[in-house]
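Architecture at a glance
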Amino acid sequence: MKIFDPLKKAFIKNYKNTNDPDVRFRYGVTAGIFGIVTNAVLFVMKVVVGLMSRSISVIADAVNNLSDAGSSGVTLIGFKLSNRPADKEHPFGHARYEYITGLVVAFIILIIGGSLLKSSIEKLIEPTAIEASVWTAVILAVSILLKSIQGLLYRDFGKSISSTSLYASATDSRNDVISTTLVLASTIGAIFRPDVFVIVDAAVGLAVSLFILISGIKLVKETIDPLLGGKPDKELVDHIIKKVSSYPGILGVHDLMVHNYGPAKSFASLHAEVDAGRNVMESHDLIDNIERDFHSEGIFMVIHMDPVITDDPELNEMKQSVTDLIDKRYDGKIKLHDFRLVKGVTHTNVLFDAVVPFEMKVTAKELADYISANIPKTDKIYYFVINIDRAYD
């Protein structure tokens, strides 16, 4: 049993059914309320001891917790909005509100980091005496423990429901643990040598603010990618390809496209190759069954059936020769599909698609020239007509 399973059982009905929008919503609500309460408690404790000790680093840490409480509130609102059902204006639902929530949290982090940077610089220019106490150190130590638990909960919940906003909150909590540890070290030093640690306190505040700004910038990128249409998760791509390929009668898979309208609602399309000699109704029934199986996983799949000829010796020999040539030069990084021959009186056109990784700058003409120059010579004339596809990886 995982450490947070008892909490899930207590507050989230059917917590294992994470494809259910209502279950996702309850995950978000539970995490949001937990974050608001714990961060509010930490803010009150830290701001009291920070004002008493006149420590800019402790006050900075307290303000950071206040922003975290606000971020948890934003996350809670985001889950509430994302749980709204589809309507006429949004036929695919509102689940992308989760991404927007994550982006808002990232901008809050940036604003807080900028404010703390300004305060720390001012403290460096005009140092103020610190009156740190053992109680300050104790409260900071408690804060580190509570923040660690908070981060673990966010990450566990985020992993359970693949939530961008909860992952962002988990990253923020981890940052808080690191920054509060620095503040604690500075506070302990100030207890013994307050004269020396006046500057150290300001320097730590400066380091904490820079750390917050850097993490905020990273979070902006991580949360904006799904809104812009970033490439799908590699595990999801591998799962789709492996699952479709596992069905008897599927000879190959290509042209996979994945879009999502929130973490729990993915839309995918692909081309599946089947034997052209097989009864078309049987192949169509197979495709229907595969699509239905994916629907039960929350993936709305549309499959285009590609009949391929498997009993043409000339085609099979040419495909093997071309594949061997391309594998030899490009280390197997380029994959072929839709291989076919169009035979004419004077020549034969060899047509196929080549799936090329984005980072490889290979043109269709370059491939065609290379194959033409190296293909075993026969008494027949072959022209190579190639279409370039781009791979996710």
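For the structure, see preceding data.
Let me begin by describing the structure that accompanies this report. The shown structure was predicted, so the numbers you read here are calculated from the model rather than taken from an experiment.

**Looking at the overall build of the protein chain**
- When its secondary structure is counted, the protein chain shows 11 helices and six strands.
- Relative to a compact globule of 393 residues, whose C-alpha radius of gyration would be 21 Å, the protein chain shows 29 Å and is clearly more extended.
- In terms of overall dimensions, the protein chain has a C-alpha envelope of 95 × 50 × 40 Å along the principal axes.
- The burial tally for the protein chain puts 44% of its 393 residues in the buried class.
- For the protein chain, long-range pairs separated by at least 24 residues make up 70% of all intrachain contacts whose partners lie at least 6 apart in sequence.
- Counting only carbon and sulfur atoms, one obtains 63% of the accessible surface of the protein chain, whose full area is about 20300 Å².
- Each charge class in the protein chain was averaged separately, 41 positive and 46 negative side chains, and the resulting centres sit 5 Å apart.

**Topic: the nonpolar core**
- Met318, Val322, Ile326, Ile334, Phe352, Ile371 and Phe384 are the most contacted members of the largest nonpolar core, which has 24 residues in total.
- Broken down by secondary-structure element, the contributors of at least two residues to this core are helix H10 (313-330), strand E4 (335-343), strand E5 (348-357), helix H11 (364-374) and strand E6 (382-391).
- The contacts of Ile334, once residues within four sequence positions are left out, are Ile326, Asp327, Ala354, Val355, Val356, Met360 and Leu367.
- Counting residues in each nonpolar core, the second largest holds 22 residues, with Val105, Ala168, Val183 and Leu219 among its members.

**Comments concerning the sheet that holds E5**
- One open sheet accounts for three strands, arranged E4-E5-E6; its pairing is mixed. Two strands bound the open sheet, and with one partner strand each, they are E4 and E6. Averaged over all pairs of adjacent strands, the angle between their axes in this sheet comes to 15 degrees, without regard to strand direction.
- Contacts between H10 and the sheet are confined to E4, E5 and E6, with E4 contributing the most and set at about 140 degrees to the helix.
- Against the sheet, H11 engages E5 and E6, with an angle of about 140 degrees to E6.

**Comments concerning unusual backbone geometry**
- Of note in the backbone geometry, Asn14 takes a positive phi value of approximately 55 degrees without being a glycine.
- On the secondary structure map, Asn14 appears in the loop between helix H1 (5-11) and helix H2 (21-53).
- Classification of Asn14 by relative accessible area gives exposed; the value is 52%.
- Of note in the backbone geometry, Asp331 takes a positive phi value of approximately 55 degrees without being a glycine.
- Position of Asp331 relative to the elements: it lies in the loop between H10 and E4.

**Considering the packing of helix H5 (residues 134-161) against helix H6 (residues 164-192)**
- Two elements in contact, H5 and H6, have axes separated by 8 Å at closest approach and are oriented at 165 degrees. It follows from the interaxial angle that H5 and H6 lie roughly antiparallel. Seen from above, H5 lies across H6 with left-handed handedness.

**Some remarks on the pattern of salt bridges**
- Here the structure, examined in full by the defined rule, presents eight salt bridges.
- A salt bridge links Lys343 to Glu314; the nearest nitrogen and oxygen atoms lie 3.1 Å apart. Separated by 29 residues along the polypeptide, Lys343 in strand E4 and Glu314 in helix H10 bring together distant segments of the chain.
- With a shortest N-O distance of 3.4 Å, Glu314 and Lys380 are connected by a salt bridge. Taken together, the positions of Glu314 in helix H10 and Lys380 in the loop between H11 and E6 put the pair 66 residues apart, joining distant regions of the chain.
- Among the residues examined, Glu314 registers a relative accessible area of 16% and is labelled buried.

**Side note on the pairing of E6**
- Strand direction decides the pairing type here: E5 and E6, joined by 10 bridges, are parallel. Residue pairing across strands places Thr348 opposite Tyr382, the latter belonging to E6.
- In this view, the connection linking E5 to its parallel neighbour E6 by way of H11 has right-handed handedness.

**Side note on the sheet that holds strand E3 (residues 299-308)**
- Taken together, the three strands give an open sheet; going across it, the order is E1-E2-E3, and neighbouring strands pair in mixed fashion. Across the chains shown, the open sheet's two edge strands, defined by having one partner strand only, are strand E1 (252-260) and E3. Within the sheet, the average angular offset between the axes of one strand and its neighbour, ignoring direction, is 15 degrees.
- As judged from the seven bridges shared by E1 and strand E2 (residues 266-275), these two strands associate in the antiparallel manner. Paired with Asn260 across the two strands is Ser266, which belongs to E2.
- Its contacts with the sheet place helix H9 (residues 280-295) against E2 and E3, and it is angled at close to 160 degrees to E3.

**Some thoughts on the packing of H2 against H5**
- The contact between H2 and H5 brings their axes to 10 Å, and the two run at 165 degrees. Considered as vectors, H2 and H5 are oriented roughly antiparallel to each other. H2 and H5 meet at a crossing whose hand is left-handed.
- For the contact of H2 with H5, the residue count by class is 14 nonpolar, nine polar and three charged.

**A short note on the packing of aromatic side chains**
- Enumeration over the complete set of coordinates arrives at four aromatic pairs.
- Between Phe339 and Phe352, the aromatic rings sit 5.2 Å apart at their centres with planes inclined by 10 degrees, giving stacked as the arrangement. You can see Phe339 sitting in strand E4 and its partner Phe352 sitting in strand E5, a full 13 residues away along the chain. Each of the two residues, Phe339 as well as Phe352, counts as buried.
- Note that Lys243 overlies the ring of Phe294, its terminal NZ or CZ placed 4.8 Å from the centroid.
- In this structure, Arg329 packs its charged tip against the face of Tyr370, placed 4.5 Å from the ring centre.

Calculation rules
- In this convention, every chain numbers its residues from 1, walking through the sequence in written order.
- This being a predicted model, a pLDDT of at least 70 is required before a residue's local features are given, and a value of 80 or more before pairs of side-chain atoms are given or counted; all residues contribute to the totals for chains, interfaces and linings.
- The side-chain numbers reported here are obtained from all heavy atoms of the structure, hydrogens and water having been left aside.
- In DSSP terms, a helix is any run of H or I states spanning at least four residues, a strand is any run of E spanning at least two, and both are numbered starting from the N terminus.
- Taken over C-alpha atoms, the radius of gyration is set against a globule rule of 2.2 Å times the number of residues to the power 0.38.
- Per-residue accessibility, obtained with a 1.4 Å probe over protein chains only, is compared with the maximum for each type, and a residue is labelled buried under 20%, exposed over 50%, and partly exposed between these values.
- When checking whether two residues touch, look at their non-hydrogen atoms; a contact exists if any pair is within 4.5 Å.
- Here the accessible surface of atoms and residues is derived via Shrake-Rupley with a 1.4 Å probe, and residues count as covered only by protein chains that are part of the display.
- The positive count covers Lys and Arg only, the negative count covers Asp and Glu only, and His and the chain ends enter neither.
- In plain terms, the charge of a residue is placed at NZ if it is Lys, CZ if Arg, CG if Asp and CD if Glu.
- Here, nonpolar core refers to any group of buried Ala, Val, Leu, Ile, Met, Phe, Trp, Tyr and Cys residues whose side-chain atoms link them within 4.5 Å.
- Two strands qualify as a pair provided DSSP detects at least 2 bridges between them.
- Simply put, an axis is a line fit to the C-alpha atoms, just over the touching stretch for a helix, and the angle between two N-to-C directions goes from 0 to 180 degrees.
- Angle categories: roughly parallel below 35 degrees, roughly antiparallel above 145, roughly perpendicular from 65 to 115, and oblique for all the rest.
- Helix crossings fall into two classes, left-handed where the near helix is turned counterclockwise from the far one by less than a right angle and right-handed where it is turned clockwise.
- The rule for a salt bridge is simple: a side-chain nitrogen of Lys or Arg has to be within 4 Å of a carboxyl oxygen of Asp or Glu.
- The crossover handedness rule: strands pointing away from the viewer, path from first strand over the helix to second strand clockwise, crossover right-handed.
- Three residue categories are used. Nonpolar comprises Ala, Val, Leu, Ile, Met, Phe, Trp, Tyr, Cys and Pro, charged comprises Asp, Glu, Lys and Arg, and polar comprises the others, including Gly.
- Here a Phe, Tyr or Trp ring, Trp counted by its six-membered ring, pairs with any other such ring whose centre lies within 6.5 Å, and the pair is stacked when the planes are under 30 degrees apart, edge-to-face when over 60, and tilted otherwise.
- Ring-over charges, as used throughout, are those where CZ of Arg or NZ of Lys falls within 6 Å of the ring centre and within 35 degrees of the ring normal.

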